Amino acid sequence: MKLILKALREGLGRLVIFVDWIFSPPRIERNDEDQAKIDQQTKDIKLYQFYACPFCTKTRRTIKRLNLKIETRNAQGGEYREELILKGGQVKVPCLKVVYAGEVNWLYNSNDIIDFLNERFS
Ligand SMILES: N[C@@H](CCC(=O)N[C@@H](CS)C(=O)NCC(=O)O)C(=O)O
C-alpha cells in the first residue's frame, strides 16, 4: 500500500513537471546591470527540493519567472538531506536556505518562499 501511494505521488509529480514544461512561464527581462545585481544577491540562496514534488515545481516556476539563478539541491538523499535535517530542522521540501549578512535562515513552505521571492525580486 505504501509503495502504491509512493508510486502514485511520484507519477503525479512527473505529470505536474510535464504540464509545467508545456506551460512554462516567461522570464522577466532586466538590463545587464540589474541582472548582475540580482545574480549577486541570489548567490547565497539555495533551494532544497525533490525533483518530482509539486510544491517544489510551483516554487521553481516562480524562480524561473523572476529570472533568478538559484541553485537547487536534491534533498532526497545524501549530504543535502542531512544538512536539511541538522540545520533546517526537518525534511520538508521545498526549503529555501537564505544567507544574509552572515545569518542563515531556513524558509519552509512553498507559499512563504514564493511570497519572499516576489517581495524581494519582483
Ligand atoms: N505545505 C507544504 C507542503 C510540502 C510537502 O508536503 N512536501 C513533501 C514533498 S511533496 C515533503 O517534503 N515530504 C517529506 C518527505 O517526503 O520526506 C508546502 O507548500 O511547501
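See the structure printed just above.
Everything quoted here is computed from the prediction, not taken from an experiment.

Engineer: So what exactly am I meant to see when it comes to the packing of helix α3 (residues 54–65) against helix α5 (residues 110–121) here?
Structural biologist: In helix packing, the relevant descriptors are the interaxial angle and the interaxial distance, both defined with respect to the helix axes. Interaxial distance between α3 and α5 falls to 9 Å at its minimum, and their mutual angle equals 5°. One way to sum up the angle between α3 and α5 is to call them roughly parallel. Facing Phe55, Lys58, Thr59, Thr62, Ile63 and Arg65 of α3, the residues of α5 in contact are Ser110, Asn111, Ile113, Ile114, Leu117 and Asn118. Split into classes, the residues belonging to the contact of α3 with α5 amount to 5 nonpolar, 5 polar and 2 charged.

Engineer: Is there a simple way to explain the site of the ligand in this structure?
Structural biologist: Lining the immediate surroundings of the ligand are Phe50, Cys53, Phe55, Val91, Lys92, Val93, Pro94, Asn109 and Ser110. Within the backbone of valine 93, a nitrogen or oxygen atom sits 2.8 Å from an oxygen atom of the ligand. Serine 110 has a polar side-chain atom sitting 2.6 Å from an oxygen atom of the ligand. Residue composition of the shell around the ligand, grouped by class: 6 nonpolar, 2 polar and 1 charged.

Engineer: So what exactly am I meant to see when it comes to unusual backbone geometry here?
Structural biologist: Excluding glycine, residues mostly have negative phi values, and the peptide bonds linking residues are mostly trans. In this structure, proline 94 follows valine 93 across a cis peptide bond, with omega equal to 0°. Structurally, proline 94 can be placed in the loop between α4 (78–88) and β3 (95–100). Positive phi, close to 60°, is recorded for asparagine 67, a residue that is not glycine. The residue asparagine 67 is located in the loop between α3 and β2 (71–74) in this model. By relative accessible area, which is 17% here, asparagine 67 ends up buried. Notably, alanine 101 is not glycine yet its phi reads approximately 50°, a positive angle. You can see alanine 101 is positioned in the loop between β3 and β4 (103–108).

Engineer: Got a minute to help me understand the nonpolar core in this structure?
Structural biologist: Within soluble globular proteins, side chains that are nonpolar generally end up buried alongside one another. Among the nonpolar cores identified, the biggest contains 12 residues, and these are Ile38, Ile45, Leu47, Ile63, Leu66, Leu68, Ile70, Leu96, Val98, Ile113, Leu117 and Phe121. Of all elements in the fold, only β1 (45–49), β3 and α5 reach the threshold of two or more residues within this core. For this core, the element with the highest residue contribution is α5, accounting for 3 residues. Of all hydrophobic cores here, the second largest spans 9 residues; its members include Cys53, Cys56, Leu84 and Trp106.

Rules behind the numbers
Residues numbered from 1 in each chain as written. Predicted model: local features only at pLDDT ≥ 70, side-chain atom pairs only at ≥ 80, totals over all residues. Heavy atoms only, no water. Axes fitted to C-alpha atoms, helices over the stretch in contact; angles between N-to-C directions. Helix = DSSP H or I, 4+ residues; strand = E, 2+ residues; numbered from the N terminus. Parallel < 35°, antiparallel > 145°, perpendicular 65-115°, else oblique. Contact = heavy atoms within 4.5 Å. Nonpolar A, V, L, I, M, F, W, Y, C, P; charged D, E, K, R; others polar. Near = heavy atom within 4 Å. Polar contact = N/O pair within 3.5 Å; in protein donor to acceptor, adjacent residues only side chain to side chain. Buried < 20%, exposed > 50% of the residue type's maximum accessible area, 1.4 Å probe, protein only. Core = buried A, V, L, I, M, F, W, Y, C linked by side-chain atoms within 4.5 Å.

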